[in-house]
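Residue-level structural notes
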Amino acid sequence: MPKKSQHIKPGYVTQYNTIKARLYPDEAQAELFEKTFGCCRYIWNQMLSDQQRFYAETGKHFIPTPAKYKKGAPFLTEVDNQALIQEHNRLSQAFRQFFKNPESFRHPNFKRKKDDRDSFTACNHVFESGPTIYTTRDGIRMTKAGVVKAKFSRRPQAWWKLRRITVERTKTGKYFCSIAYEYTEKAREAAVPTPETTIGLKYSLAHFYAADNGEMAGPPRWLKQSKEKLGKIQRQLSRMQPGSRNYEQAVQKYRLLHEHIANQRRDFIHKESSRIANGWDAVCVRDDDLREMAREIKLDRVPDAGFGMFRECLRYKLERQGKPLILVNRYQPTTRACSACGFVGEAVSDRVKTWACPKCGAVHNREINAAKNIKTQGLSQYFNRQELRESA
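What counts, and where the lines are drawn
- Residues numbered from 1 in each chain as written.
- Predicted model: local features only at pLDDT ≥ 70, side-chain atom pairs only at ≥ 80, totals over all residues.
- Heavy atoms only, no water.
- Helix = DSSP H or I, 4+ residues; strand = E, 2+ residues; numbered from the N terminus.
- Buried < 20%, exposed > 50% of the residue type's maximum accessible area, 1.4 Å probe, protein only.
- Contact = heavy atoms within 4.5 Å.
- Areas by Shrake-Rupley, 256 points an atom, 1.4 Å probe, with all protein chains shown as cover.
- Lys, Arg positive; Asp, Glu negative; His and termini not counted.
- Charge placed at Lys NZ, Arg CZ, Asp CG, Glu CD.
- Expected span 1.5 Å × (residues − 1).
- Polar contact = N/O pair within 3.5 Å; in protein donor to acceptor, adjacent residues only side chain to side chain.
- Pairing = 2+ DSSP bridges.
- Axes fitted to C-alpha atoms, helices over the stretch in contact; angles between N-to-C directions.
- Salt bridge = Lys/Arg side-chain N within 4 Å of Asp/Glu carboxyl O.
- Core = buried A, V, L, I, M, F, W, Y, C linked by side-chain atoms within 4.5 Å.

Let us now look at the overall build of the protein chain. Summing up its helical and strand segments, the protein chain has eight helices and 15 strands in all. With respect to the three principal axes, the spread of C-alpha positions in the protein chain is 80 × 65 × 55 Å. Across the 392 residues that make up the protein chain, the buried fraction comes to 41%. Long-range contacts, defined here as pairs at least 24 residues apart, represent 67% of the contacts in the protein chain between residues at least 6 apart. Carbon and sulfur atoms form 50% of the exposed surface of the protein chain, whose accessible area is close to 23500 Å². Computing the positive centroid from 71 side-chain charges and the negative centroid from 42, the protein chain places the two 3 Å apart.

Take helix α1 (residues 27-58) next. Quick reminder: α-helices carry 3.6 residues per turn. Residues three or four places apart thus point the same way. If you check α1, its first and last C-alpha atoms are 46 Å apart, about what 32 residues at 1.5 Å a residue would give, namely 46 Å. A side-chain oxygen of the first residue of α1 lies 3.2 Å from the backbone nitrogen of Ala28; this N-cap is Asp26. Two residues or fewer past α1, Gly59 is found with a positive phi of approximately 80°.

Taking strand neighbours across the sheet as the criterion, the seven strands line up as β2-β8-β9-β1-β7-β6-β5 in an open arrangement whose pairing is antiparallel. Among the strands making up the open sheet, the edge pair consists of β2 (118-123) and β5 (134-135). Where strand β6 (residues 139-142) meets strand β7 (residues 146-152), four bridges bridge the pair, whose relative direction is antiparallel. The partner of Gly139 across the bridge, within β7, is Lys149. The strands touched by helix α2 (residues 81-100) are β2 and β8 (161-169); relative to β2, the strand with the most contacts, the crossing angle is about 100°.

The next point concerns the pattern of salt bridges. A complete count under the given rule lists 19 salt bridges for this structure. Linking Asp212 and Lys375 is a salt bridge whose minimum nitrogen-to-oxygen distance equals 3.3 Å. One end of the pair, Asp212, is in the loop between β11 (208-211) and α3 (222-238); the other, Lys375, is in helix α8 (residues 366-391), with 163 residues separating them in the sequence. Like Lys375, Asp212 is buried. Where Arg286 meets Asp288, a salt bridge forms, and the shortest distance between an N and an O atom there is 2.8 Å. Across the pair, Asp288 and Arg286 agree in class, each one buried. Several salt bridges share partner residues, and in doing so they unite Lys20, Arg117 and Glu168 into one network.

Okay, the nonpolar core next. Counting 41 residues, the largest nonpolar core has Leu23, Phe33, Ile140, Met142, Ile165 and Val167 as the members making the most contacts within it. For this core, the secondary structure elements donating two or more residues are β1 (12-24), α1, α2, β2, β6, β7, β8 and β9 (175-186). Those residues within four positions of Met142 in sequence are excluded, and the remaining contacts are Leu23, Phe33, Thr132, Val148, Ile165, Val167 and Cys177. One finds Ala211, Ala250, Val251 and Phe268 within the second-largest nonpolar core, a separate group that totals 28 residues.

Encoded structure:
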């Protein structure tokens, strides 16, 4: 998200971008990563435990720093200190969010090796001798780990500044590094949406989305396509002895298949959201609660589609270009309202593909009609807000 800074020229803004790289650590580096993951979990649990005890005794909130634990746990000195400091910052941030909005953010919990993601974050510091973290032609130099061999999907621009990295290990045993960069660029003029340059999108179980211009995405059902393979592996697992070599190999196959499905979904979402963000000045979508929708419909197609991720990708990609993502109230009657005359009728079932307006006689495709109403209401909502801001 663009943020203004006191150290940049007027008319410029600070932007952030992340590049993800695949890591290929040697045996010693992989061992160091595993130690760092474990130390981060340990320090999180120790700080959280002491915070709870301190709160129970005094009624006040306090989180000790990682330095307190190094004397009693000398193994903490074997890993990058920055990773431990970032765990303290994360726990502090988790409590700030919980205190600010306990209905949306839960109380921080203890971490378990079995359940939590293996990851750590380290910030880059620039000294006279040079930065603590930097990229090379075929690797990334990290504190204590040295140069770790890496494969980059793309390269940063020369003027980008490396701020921090996050190293993670997936369930399939692969290592990845997310490299966060900061750079300044000219502030883009905010795009003013018009009916011609705005698109309305309606979430669709059958087609992923339906647009007001009649366009439908129709992505492949990744989970459905792989269900037969998943079922076969699950049946094999049920007949194996847990902990045996064959069992572990089958579990690895199962994880690799799920990782492949997730990668297919992520690839489609990023390509489709980029195409829409680059081609339109504004996008209107309904602010649907996808979790509630999944519970009501009781189908795996809702979470499998990844529409929530698609909406978030649209948001930040439009924001970078100075374009708005307009969220329409989910309780607006978009499906049962006629986009031609505005007549609002009774609820239209999901099984009904087309319906005719009893007032004007117009025949509508249920999803495309809803997308048209979402676009109309979104534009109206946007301009009403603009008028209120100008009059304030």
